[in-house]
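Next come the chains, spelled out residue by residue.
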Amino acid sequence: MRKLLLIIIDGVPYRNWRRLFGNLEGWVANGDARVWRMRATLPSTSASCYASIHTGVPPQVHRVWGNEAVYRLEQPDVFSELSKAGRKTGAVAHSFWSELFNRSPFDLVRDIEYDEPEGPISHGRFHTMTGYGNINQMTPSDVDLFATLTRLAEVKGIDYGMLHTCTLDSMGHRFYHDCEEMDNACYVMDAMLAPFVQRWRDSGYEVIVTADHGQDARGHHGGTGELQQDFAFYYFGDAEMPARDVVLDQLALAPSILARMGVAVPGTMKAAPFFGG
């Protein structure tokens with residue numbers, strides 16, 4: 001059975017992926033990975049996109065209008081469908097993901113870490129960023145997050161794992177993406193991620209590295225336009241894919257993951273999967 005890890009690096013516009021992530025681009029140049037442009041749903045707001053990434057429905061259906069409205073979703077999602085099919089799932093992410101796909105409200109003691117074989121998220125490791133602001137951004141070290149996902153893969157044997165980090169989104173809101181600080185932050189993220197991608201691949205996982213949305217020249221997202229909506233989609237695997245000039249639909253990600261892992265796609269997910277055989 002196939003195993004897959006989805007790595008979501010929050011808030012990076014397409015042009016900065018292609019310009020600053022040298023390890024990912026090196027794998028593309030070497031033929032080990034392929035890259036496409038993907039376009040976020042609207043609004044291109046974080047929680048709205050999180051919900052759409054795993055349900056395959058737009059905010060107008062799941063009704064997560066923004067970061068202020070986070071609750072347990074009713075629609076079928078990637079975690080629930082994989083869990084029902086007997087696959088082990090894992091998530092290392094902001095607490096919003098636990099609230100959207102496991103239970104809400106988030107209880108700091110109960111939900112910061114859990115192992116629940118019945119799912120939908122079998123193994124959850126979460127953080128809250130409580131107290132977040134431009135001066136103190138309250139983000140965990142990304143290398144710690146990558147290591148935690150790796151531990152779920154190697155110790156818990158997850159079939160599907162999702163990791164989400166807010167570091168670059170938070171820094172982008174503070175510094176915007178066209179500056180020395182963000183150039184270096186993207187370089188550091190790429191360097192920390194690379195050895196883990198190799199380790200995951202060596203362990204038999206297909207790997208996707210992507211974002212939830214972009215960010216514009218004033219550090220904003222939520223609306224329309226290339227900088228706010230478009231980001232890169234790197235894929236390490238051998239599935240047939242559309243031509244490189246096709247812009248992938250974020251709403252197609254959930255059904256694509258399920259189809260790739262051999263699990264039936266629920267009728268609520270209307271977009272056609274982009275993974276082929």
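Data block above holds the structure.
Here the structure is a predicted model, which is why all the values come from computation and not from measurement.

The rules we used
Residues numbered from 1 in each chain as written. Predicted model: local features only at pLDDT ≥ 70, side-chain atom pairs only at ≥ 80, totals over all residues. Heavy atoms only, no water. Pairing = 2+ DSSP bridges. Helix = DSSP H or I, 4+ residues; strand = E, 2+ residues; numbered from the N terminus. Axes fitted to C-alpha atoms, helices over the stretch in contact; angles between N-to-C directions. Contact = heavy atoms within 4.5 Å. Buried < 20%, exposed > 50% of the residue type's maximum accessible area, 1.4 Å probe, protein only. Salt bridge = Lys/Arg side-chain N within 4 Å of Asp/Glu carboxyl O. Parallel < 35°, antiparallel > 145°, perpendicular 65-115°, else oblique. Nonpolar A, V, L, I, M, F, W, Y, C, P; charged D, E, K, R; others polar. Expected span 1.5 Å × (residues − 1). Bend = angle between axes of the 7 residues up to and from the residue.

Q: Before we go on, may I ask you to explain the sheet that holds strand 5 (residues 123–127) in this structure?
A: Read across the sheet, 9 strands follow the order 4-5-3-6-1-7-8-2-9 without closing on themselves; strand pairing throughout is mixed. Looking at strand neighbours, the two that pair on one side only are strand 4 (113–115) and strand 9 (247–249), the edges of this open sheet. Taken over all neighbouring pairs, the strand axes of this sheet differ in orientation by 20° on average, direction set aside. Here helix 12 (residues 253–260) sits on the sheet in contact with strand 1 (3–9), strand 2 (34–39), strand 6 (160–165), strand 7 (205–210), strand 8 (230–236) and strand 9, set at roughly 160° to strand 1.

Q: Quick question: what am I supposed to make of the side chain of N102 here?
A: Following the sequence through the fold, N102 ends up in the loop between helix 6 (95–101) and helix 7 (108–111). Excluding residues within four positions of it along the chain, N102 makes contact with R72, W97, Y114, E116, G119, P120 and I121.

Q: Any chance you could explain the pairing of strand 5 here in plain terms?
A: Two faces belong to every sheet, and in a regular strand the side chains alternate between them. Within strand 5, 5 of the 5 residues are buried, which leaves the element mostly enclosed by the surrounding structure. Residues H123, R125 and H127 line one face of strand 5 and the alternating positions G124 and F126 line the opposite face, and both faces are buried. Direction of pairing for strand 4 relative to strand 5: antiparallel, over a ladder of 3 bridges. By the bridge assignment, Y114 is partnered in strand 5 with G124.

Q: Just to check I follow, could you spell out the pattern of salt bridges for this structure?
A: Oppositely charged side chains can pair when the atoms bearing their charge come close. If you walk through the whole model with that rule in mind, you get 16 salt bridges. The residue R103 makes a salt bridge to E116 at a minimum N-O spacing of 2.7 Å. With a gap of 13 residues between them, R103 in the loop between helix 6 and helix 7 and E116 in the loop between strand 4 and strand 5 connect regions that are remote in the sequence. Under the relative-accessibility criterion, E116 is labelled buried at 15%. Across the pair R260 and D238 runs a salt bridge, and its minimum N-O distance is 2.6 Å. Separated by 22 residues along the polypeptide, R260 in helix 12 and D238 in the loop between strand 8 and strand 9 bring together distant segments of the chain. Taking the relative accessible area as the measure of exposure, D238 reaches 62% and is therefore exposed. If you follow the salt bridges from partner to partner, you end up with R37, R39, E226 and D230 in one network.

Q: I tried to follow the packing of helix 8 (residues 142–156) against helix 10 (residues 180–202) on my own but got confused; where do I start?
A: Pairs of packed helices are described in terms of their axes, by the angle between the two and the distance that separates them. Between helix 8 and helix 10, the shortest axis-to-axis distance is 9 Å and the interhelical angle comes to 10°. It follows that helix 8 is roughly parallel to helix 10 by the angle criterion. Across the interface between the two elements, D142, V143, F146, A147, L149, T150 and E154 from helix 8 touch M189, M192, L193, F196, R199 and W200 from helix 10. Of the residues assigned to the contact of helix 8 with helix 10, the class counts are 9 nonpolar, 1 polar and 3 charged.

Q: So what exactly am I meant to see when it comes to helix 10 here?
A: Owing to its 3.6 residues per turn, the α-helix aligns residues three or four sequence positions apart on the same side. Here helix 10 is 23 residues long and its end C-alpha atoms lie 34 Å apart, about the 33 Å a rise of 1.5 Å per residue gives. Along its length, helix 10 shows its largest kink, about 30°, at L193, and proline P195 lies within four residues downstream of that point. Restricting attention to buried positions, one finds in helix 10 the residues M182, A185, C186, M189, D190, L193, A194, F196, V197 and W200. Directly beyond the C-terminal end of helix 10, a positive phi value near 95° is found at G204.

Q: Before we go on, may I ask you to explain the pairing of strand 8 in this structure?
A: Burial of strand 8 is extensive: 7 of the 7 residues sit out of reach of the surface. Bridging between strand 7 and strand 8 involves 3 bridges; their strand directions are antiparallel. When the bridges of strand 8 are listed, I208 appears paired with Y235.

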